[in-house]
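# Structural overview
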Amino acid sequence: MSLLDKVFDAGLVGEGGAGFPTHIKLNCKVEYLLLNAAECEPLLHTDKYILRNFAGQILDALKETADLVEAGKVFIAVKAVNTEEIASIERAIAEKKSDARIFKLDNYYPAGDEQMLVYDITGRIVPPGQIPLKVGALVSNAATMLAIYDALSGKPLTHKFLTVAGRVKRPAVLRAPVGASFAECIAACGGAGIDGFNIIAGGPMMGGVYHGVEAENLPVTKVTSGILALPGEGNFIARNDAATVRQILSRAKSACIQCSFCTDLCPRRLIGHSLRPHRIMRKMAMMDFDKALEADDILREALICCGCGVCETFACPMALSPRQVNKYVKSRLKGERFEQKEALYPSPMRNYRKISPKKIMARMGLLEEYANWEENYIELAPKRVRIPCSQHIGAPAVPVVSAGDTVECGQLIAKAAEGKPSANVHASIPGRVVSADSVIVIEREA
Ligand code: SF4
Ligand code: SF4
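Residues numbered from 1 in each chain as written. Chains lettered and ligands numbered in written order. Predicted model: local features only at pLDDT ≥ 70, side-chain atom pairs only at ≥ 80, totals over all residues. Heavy atoms only, no water.

## As for the overall build of the protein chain
Counting secondary structure elements, the protein chain contains 17 helices and 17 strands. Here the C-alpha radius of gyration of the protein chain, 22 Å, is about what a compact globule of 446 residues would show, namely 22 Å. By residue count, 56% of the 446 residues in the protein chain fall in the buried class. The long-range fraction of contacts in the protein chain, counting pairs at least 24 apart against all pairs at least 6 apart in sequence, stands at 72%. Of the side chains in the protein chain, 54 bear a positive and 49 a negative charge, and the two mean positions are spaced by 5 Å. (Helix = DSSP H or I, 4+ residues; strand = E, 2+ residues; numbered from the N terminus. Rg over C-alpha atoms; globule rule 2.2 N^0.38 Å. Buried < 20%, exposed > 50% of the residue type's maximum accessible area, 1.4 Å probe, protein only. Contact = heavy atoms within 4.5 Å. Lys, Arg positive; Asp, Glu negative; His and termini not counted. Charge placed at Lys NZ, Arg CZ, Asp CG, Glu CD.)

Pasting the structure below:
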């Protein structure tokens, strides 16, 4: 069986982002294969754990993947400050006589944005709205590569390593079955030590924000890399979550001083993309949406915003949120594309405008959480899991089990939709199927 078939069977999706099915992504030929282990979201420690503990497996999977996509150059991108992780990879490279090379990244946010990564390593700029393949590169994150290693021996993706941190009593890297509830993950770490907390699914910069009471209904999925319990007030996330786009624009009418710091510090802008959030903000604050759209192409630039949040968390001196405005504009322009007319060239100021994660955490009021990390490791074994059939970009998988069936851990429970981008889904615990619709519920038998 080919590697692509094994990856398809194992139900792999990109674990570092929106969950694009891996068997489709790997069906290409490239010059560069880049392992993204930058882990640039400030409060997460999952990739670092994987690098320290599974460097050999990562190298084996990289070799197989490089052969498949015919990549002659293989790089493992890790921040230079992560010396323990670098030492672990160096030992594995020596042991396996691997051709993979380590690329030491600067400690800035968002070093792990794949377009930053490609530029930092290859010097090539991915055009706006395109993917790294356009410039001969394939980027995969550390967790996905470890899942490829498992898939090589026929093991499907059923468990996730994830960071549980913030104000939990005992922050940890957890190994949890897909479908475990966020509430159980937080409880396994001693619970949130605060009342009225927010939950962030992912990192503090780009993760989804939920209220603490929702934890019971949020399941770990194949793309969950972290769960953060953060105070529901007194920090940037809580304030920003409470503001609507209408409120932001209403404030921007008088408060946006058109300083253009949001544009000057925008990481995508700094590699040459034509994205000017200060101009989008001005148009949106001062003009009706349809008129602004007719006037020129400025609003369409929002389509190439990656949502990194540098503009709102660090750049804007007036506490406005260009990111949220861009997100709104994107939703209005769904299905449209942005074509850059100007030549692509990076800003000569880029190196001086890289922002350290610690500075961003200080601005966001999360320095205490940033410092509060002492690694523990926990294996979670819940009695019940709720596994969504859609954990990836594309069509949901189709259930192949029914209520009352008994399943083993690793058994196929939903098949990738035929002829569409989709991914298989497997049972993450052994037990009895309680219900099987868009979400498949399994309970361990006593
Ligand atoms: S979120 Fe802001 S800083 Fe990030 S890419 Fe979009 S406009 Fe640029
Ligand atoms: S940084 Fe803030 S105040 Fe300055 S132009 Fe951007 S949105 Fe306006």
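## A few points about the side chain of Lys160
When you line up the elements, Lys160 lands in strand E5 (residues 159–166). Assessed through its relative accessible area of 2%, Lys160 is described here as buried. A polar contact of 3.1 Å, which involves the side chain of Lys160, links it to the backbone oxygen of Lys222. Only 3.4 Å separates the side chain of Lys160 from the backbone oxygen of Thr224, close enough to count as a polar contact. When neighbours within four sequence positions are excluded, Lys160 is seen to be in contact with Glu15, Leu174, Arg175, Ala176, Val178, Val220, Thr221, Lys222, Val223 and Thr224. (Polar contact = N/O pair within 3.5 Å; in protein donor to acceptor, adjacent residues only side chain to side chain.)

## A few points about the site of ligand 1
Around ligand 1 there are 14 residues in total, and Cys266, Cys305, Cys308, Gly309 and Cys311 lie nearest to it. When residues of the shell around ligand 1 are traced back to their parent elements, those giving at least two are helix H11 (267–270), helix H14 (310–315) and helix H15 (322–332). In the shell around ligand 1, the residues fall into 9 nonpolar, 3 polar and 2 charged. (Near = heavy atom within 4 Å. Nonpolar A, V, L, I, M, F, W, Y, C, P; charged D, E, K, R; others polar.)

## Brief notes about the domain arrangement of the protein chain
Domain boundaries in the protein chain define domain 1 (3–152), domain 2 (158–235 + 365–382), domain 3 (251–361) and domain 4 (383–446). Contacts between domain 1 and domain 2 engage 19 residues on the former and 23 residues on the latter. Of the roughly 1,700 Å² buried between domain 1 and domain 2, counting both surfaces, carbon and sulfur atoms make up 66%. Per-residue buried area on domain 1 facing domain 2 is highest for Leu43, His45 and Tyr49; these three make up 36% of the total on that side. Linking domain 1 with domain 2 are 2 salt bridges. Counting the contacts that link domain 1 with domain 2 gives 9 residue pairs in polar contact (both at pLDDT 80 or more). Take the side of domain 1 that touches domain 2: its biggest share by element is 5 residues, from helix H3 (residues 46–69). A per-class count over the side of domain 1 that touches domain 2 returns 10 nonpolar, 6 polar and 3 charged. (Domains from an automatic or database assignment. Buried area = accessible area lost by both parts, 1.4 Å probe. Salt bridge = Lys/Arg side-chain N within 4 Å of Asp/Glu carboxyl O.)

## A look at the pairing of strand E6 (residues 172–177)
Counting buried residues in E6 gives 5 out of 6 residues, a clear majority hidden from the surface. Taken together, the 6 bridges between E5 and E6 define a ladder with antiparallel strand orientation. When the bridges of E6 are listed, Leu162 appears paired with Leu174. Between E5 and E6, which pair antiparallel in sequence order, lie 5 residues. Relative to strand E10 (residues 377–379), E6 runs parallel, the two sharing 3 bridges. Note that in E10 the partner of Leu174 across the bridge is Ile378. (Pairing = 2+ DSSP bridges.)

## Thoughts on helix H4 (residues 83–96)
With 14 residues, H4 extends 20 Å between its outermost C-alpha atoms, agreeing within 8% with the 20 Å of an ideal straight helix rising 1.5 Å per residue. Looking at the buried side of H4, the elements it contacts are H3, strand E2 (73–79) and strand E3 (101–105). Note on H4: the residue one or two positions beyond its end, Lys97, has a positive phi of about 50°. (Expected span 1.5 Å × (residues − 1).)

## Quick notes on the sheet that holds strand E16 (residues 431–436)
Pairing is antiparallel across the open sheet formed by 4 strands, whose spatial order is E11-E17-E16-E13. Of all strands in the sheet, those with a lone pairing partner are strand E11 (384–388) and strand E13 (406–407), marking the two edges. Pairing geometry for E16 and strand E17 (residues 439–443), over 4 bridges, is antiparallel. Note that in E17 the partner of Arg432 across the bridge is Glu443.

## Let's talk about the sheet that holds strand E1 (residues 32–36)
Note: strands within a sheet are paired through backbone hydrogen bonds, in either parallel or antiparallel orientation. One open sheet accounts for 4 strands, arranged E3-E2-E1-E4; its pairing is parallel. Of all strands in the sheet, those with a lone pairing partner are E3 and strand E4 (137–141), marking the two edges. This sheet shows a mean twist of 25° between the axes of neighbouring strands, independent of strand direction. Looking at chain direction, E2 and E3 are connected through 5 bridges and run parallel. Of the residues in E3, the one forming a bridge with Lys79 is Leu105. Taken strand by strand, H3 contacts E1, E2 and E4, and its axis lies near 165° from that of E1. Lying on the sheet, helix H6 (residues 142–152) is in contact with E1 and E4; it crosses E4 at an angle near 85°. (Axes fitted to C-alpha atoms, helices over the stretch in contact; angles between N-to-C directions.)

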